[in-house]
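Fold and contact review
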2 protein chains.
Amino acid sequence: MAEQGRAPVARTVLQQCLRARLQVKPAGEASDAEFVQVRPGATDDILPKMVSTLLNLRLSESDSGKMVSVLELPGSLLIVPQATLGGKCKGRAMQYHHNISKEDGLRLYGSFVALCEAELTAVASAASGTQVKHGTYGNRQVLTLDTNGPYTHLMEF
Amino acid sequence: MAEQGRAPVARTVLQQCLRARLQVKPAGEASDAEFVQVRPGATDDILPKMVSTLLNLRLSESDSGKMVSVLELPGSLLIVPQATLGGKCKGRAMQYHHNISKEDGLRLYGSFVALCEAELTAVASAASGTQVKHGTYGNRQVLTLDTNGPYTHLMEF
């Protein structure tokens, strides 16, 4: 997904799941969990493409057997900020020299969450019960994941 | 981790966890879950380096606050084959044209698991209760994961 000729500035790991729970606020349920990390050089410009790609990918099987996206299901979303995804293995340690600053990361993460919320709200009726939940940036949090796959996808932007 | 000048031939996502359970055989408990995918061009040559890197990385905090590897803890390991990690996003679908053949993948996956078992057995006494569990290649299986991070790491070889 990253444009040719430049290194990716954002990395996402998407895990399809039956349920996901993050203990930060009252627990929510989700059908997709996304782990997000952005790098220096990432700007707001990449966010609409990231969100559009992630939410429109046809990764789930509907009841009729057709492949549909999380927007088409519609399903719920749990977004987890994940600084460790930016690590590079050096000897026996992971180094994070290329991670974005906390201030920029926090801002981009907030915009990413807001865009996901707007996209899902636009297609999902209140009756569908879908929701977007997200972890808080920079905090340790307890994640529980139930999958029936598992299906783990890596996407870089 | 991949050598310069060539594309990675193996991709691993490592998730540190308190417990992981995979419903294939009687469930096991693990402190690290590894999602593994190998590509055409991968040969047995890369396996010792992969296993050594993954098991010796100091990612866990010991009781005394020192960073230690899963071998040093010692912790348990759950290995999950994960063909979807080899996908490339094309339009609204994931394509898997670059995935390894089932026969080669199965063989390499088996060797990877055997190497992990040998490494962990060499350091962990029977009394420590650590174990290596693994999913079966090519099957859908139900994964449950409990983390206290979460800490998700990507490593390519």
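Residues numbered from 1 in each chain as written. Chains lettered and ligands numbered in written order. Predicted model: local features only at pLDDT ≥ 70, side-chain atom pairs only at ≥ 80, totals over all residues. Heavy atoms only, no water.

A closer look at the pairing of strand E3 (residues 32-38) of chain A
All names here are of chain A. Most of E3 is tucked away: 7 of the 7 residues are buried. Residues Asp 32, Glu 34, Val 36 and Val 38 line one face of E3 and the alternating positions Ala 33, Phe 35 and Gln 37 line the opposite face, and both faces are buried. Examined bridge by bridge, strand E1 (residues 10-16) and E3 share 7 bridges and lie antiparallel to one another. Across the sheet, Ala 10 pairs through a bridge with Val 38, a residue of E3. As defined by bridge partners, E3 adjoins strand E6 (residues 77-81) across 5 bridges and the pair is classed as parallel. Bridging across to E6, Val 36 finds its partner in Pro 81. (Buried < 20%, exposed > 50% of the residue type's maximum accessible area, 1.4 Å probe, protein only. Helix = DSSP H or I, 4+ residues; strand = E, 2+ residues; numbered from the N terminus. Pairing = 2+ DSSP bridges.)

Topic: the sheet that holds strand E11 (residues 151-156) of chain B
All names here are of chain B. The strand order across the open sheet formed by 5 strands is E9-E6-E3-E1-E11, and the pairing between neighbours is mixed. The strands lining the two open edges of the sheet, one partner per strand, are strand E9 (132-134) and E11. Taking each pair of neighbouring strands and ignoring which way they run, the sheet shows an average axis angle of 20°. Bridge count for strand E6 (residues 77-81) against E9 is 3 bridges, and the pairing is parallel. Paired with Ile 79 across the bridge in E9 is His 134. (Axes fitted to C-alpha atoms, helices over the stretch in contact; angles between N-to-C directions.)

Details of the side chain of B:Thr84
Tracing the chain through its elements places B:Thr84 in the loop between E6 and strand E7 (88-90). Here the side chain of B:Thr84 touches A:Thr152 through a polar contact of 2.8 Å, landing on its backbone oxygen. Once residues within four sequence positions are removed from consideration, B:Thr84 is found in contact with A:Tyr151, A:Thr152, A:His153 and B:Tyr96. (Polar contact = N/O pair within 3.5 Å; in protein donor to acceptor, adjacent residues only side chain to side chain. Contact = heavy atoms within 4.5 Å.)

Concerning the relation of the copies chain B and chain A
In the superposition of chain B on chain A (RMSD 0.0 Å, axial shift 0.0 Å), the rotation amounts to 180°. What we have between these two chains is a two-fold relation. Closest approach to the rotation axis among the C-alpha atoms of chain B is made by B:Leu145, whose C-alpha sits 2.5 Å away. (Least-squares fit on C-alpha atoms with pLDDT ≥ 70 in both.)

Structural notes on the interface of chain B and chain A
Counting residues at the interface gives 38 residues for chain B and 38 residues for chain A. For the pair chain B and chain A, the two sides together bury roughly 3400 Å², of which 52% comes from carbon and sulfur. On the chain B side of the contact with chain A, B:Arg92, B:Arg140 and B:Leu154 bury the most area, a combined 20% of that side's loss. Inspection of the region where chain B meets chain A yields 2 salt bridges. Residue A:Glu72 pairs with B:Arg92 through a salt bridge whose shortest N-O separation is 3.1 Å. Taken together, the connections running from chain B to chain A amount to 19 residue pairs in polar contact (both at pLDDT 80 or more). Among the secondary structure elements, those contributing two or more residues to the side of chain B that touches chain A are strand E1 (10-16), helix H1 (46-56), strand E8 (93-95), strand E10 (142-146) and E11 of chain B. Ranked by the residues each element gives to the side of chain B that touches chain A, the list is headed by E11(B), at 6 residues. Residue classes in the side of chain B that touches chain A are distributed as 17 nonpolar, 14 polar and 7 charged. Here strand E10 (residues 142-146) of chain A runs beside E10(B); their pairing, made up of 3 bridges, is antiparallel. (Buried area = accessible area lost by both parts, 1.4 Å probe. Salt bridge = Lys/Arg side-chain N within 4 Å of Asp/Glu carboxyl O. Nonpolar A, V, L, I, M, F, W, Y, C, P; charged D, E, K, R; others polar.)

Looking at the pattern of salt bridges
Residue and element names in this part refer to chain A. Within this structure, the stated rule accounts for 10 salt bridges over all chains. Among the ionic pairs, Asp 44 bridges to Arg 107, the shortest N-O distance being 2.7 Å. Within this pair, whereas Asp 44 is found in the loop between E3 and helix H1 (46-56), its partner Arg 107 is found in helix H2 (residues 102-123), the two being separated by 63 residues in sequence. Residue Asp 44 is classed as partly exposed on the basis of its relative accessible area, which comes to 33%.

Points about unusual backbone geometry
Following A:Leu73, the chain continues into A:Pro74 via a peptide bond in cis, with omega recorded as -20°. Here A:Pro74 is to be found in the loop between strand E5 (67-68) and E6.

Brief notes about the sheet that holds E6(A)
Residues and elements named next belong to chain A. Reading across from one edge, E9-E6-E3-E1-E11 is the order of the 5 strands in this open sheet, with mixed pairing throughout. Strands at the two margins of the open sheet, each flanked by one partner only, are strand E9 (132-134) and strand E11 (151-156). Across this sheet, the average inter-strand angle for adjacent strands is 20°, counted without regard to direction. Summarising the sheet, E1 and E11 pair through 6 bridges and their orientation is antiparallel. Among the inter-strand pairings, Val 13 is bridged to a residue of E11, identified as Leu 154. In the packing of H1 onto the sheet, contacts are made with E1, E3, E6 and E11, and the angle to E1 comes to roughly 20°. Its contacts with the sheet place H2 against E3, E6 and E9, and it is angled at close to 175° to E6.

So far we have only geometry, and geometry alone does not tell us how the molecule works.
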